[in-house]
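Single-letter residue listing:
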Amino acid sequence: MPLDFDTLQPHGCFIGSAAVIVLSQHDKARDAALNMMRFFADESCGQCTPCRVGTVKAAQLMEAPVWDAATLNDLSAVMVDASICGLGQAAPNPMLCVQRYFPHEVEP
């Protein structure tokens, strides 16, 4: 699949910085998503509360063996709708993808 804006949008994705992360069958998508959320929390400029607090809170929630999907979904909606920049708006994407494509890793 080509990595461009028009091709990825119908799949619920966007190219972002055009970085690609490759995982093996030995990796867990949940661990990769948690690592990315921690990265976003560290990279947040701190200017807006949804990103500054939301990324930290999401990372804390994602550390649980079973994810609280309702709370994470509410938090991600606030981050997407109220963050000033693309970092806060995009930070929930890896977590949402794990819930959608790898639910067996985060549900009981």
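Just above, that's the structure.
An account of the accompanying structure is given in this report. (Residues numbered from 1 in each chain as written. Predicted model: local features only at pLDDT ≥ 70, side-chain atom pairs only at ≥ 80, totals over all residues. Heavy atoms only, no water.)

1. Examining the nonpolar core
Item 1. Grouped together as the largest cluster of nonpolar side chains are 17 residues, with contacts concentrated most on Met37, Ala58, Met62, Trp67, Leu72, Met95 and Val98.
Item 2. Residue assignment for this core shows that the elements contributing at least two residues are helix H2 (29-43), helix H3 (49-62), helix H4 (69-82) and helix H6 (93-101).
Item 3. With five residues, H2 is the largest single contributor of residues to this core.
Item 4. Ignoring anything within four residues of it in the chain, the contact list for Met62 reads Arg30, Ala33, Leu34, Met37, Trp67, Leu72 and Met95. (Core = buried A, V, L, I, M, F, W, Y, C linked by side-chain atoms within 4.5 Å. Buried < 20%, exposed > 50% of the residue type's maximum accessible area, 1.4 Å probe, protein only. Helix = DSSP H or I, 4+ residues; strand = E, 2+ residues; numbered from the N terminus. Contact = heavy atoms within 4.5 Å.)

2. Here's the deal with H4
Item 1. Compared with an ideal rise of 1.5 Å per residue, which puts 14 residues at 20 Å, H4 spans 20 Å between its outermost C-alpha atoms and is within 8% of the ideal.
Item 2. What H4 keeps buried is the set Leu72, Leu75, Ser76 and Met79. Projected down its long axis, H4 carries its buried residues within an arc of 100°, all on one side. In H4, the exposed positions angled more than 90 degrees off the buried face are occupied by Asp74 and Asp81.
Item 3. Those residues of H4 that are buried are in contact with H3, helix H5 (86-90) and H6. (Expected span 1.5 Å × (residues − 1). Arc of directions from axis to C-beta.)

3. Structural notes on the side chain of Thr55
Item 1. With respect to the helices and strands, the residue Thr55 is situated in helix H3.
Item 2. Dropping the residues within four chain positions of it, Thr55 is found in contact with Met37, Phe40, Ala41, Pro50, Met79 and Ala91.

4. Concerning the state of the cysteines
Item 1. Per the stated rule, a full pass over the model turns up zero disulfides.
Item 2. The closest cysteine sulfur to the non-disulfide-bonded Cys45 is located on Cys85, 5.9 Å from its own sulfur.
Item 3. The class for Cys45 is exposed, based on a relative accessible area of 64%.
Item 4. Not engaged in a disulfide, the cysteine Cys85 finds its nearest cysteine sulfur in Cys51; these two sulfurs lie 5.7 Å apart. (Disulfide = S-S within 2.5 Å.)

5. Quick notes on the environment of Val78
Item 1. If you trace the backbone, Val78 turns up in helix H4.
Item 2. Separated by 44 residues in the primary sequence, Val78 and Leu34 have C-alpha atoms spaced 18 Å apart.
Item 3. Contacts of Val78, omitting those with residues within four sequence positions, involve Pro50 and Ser83.

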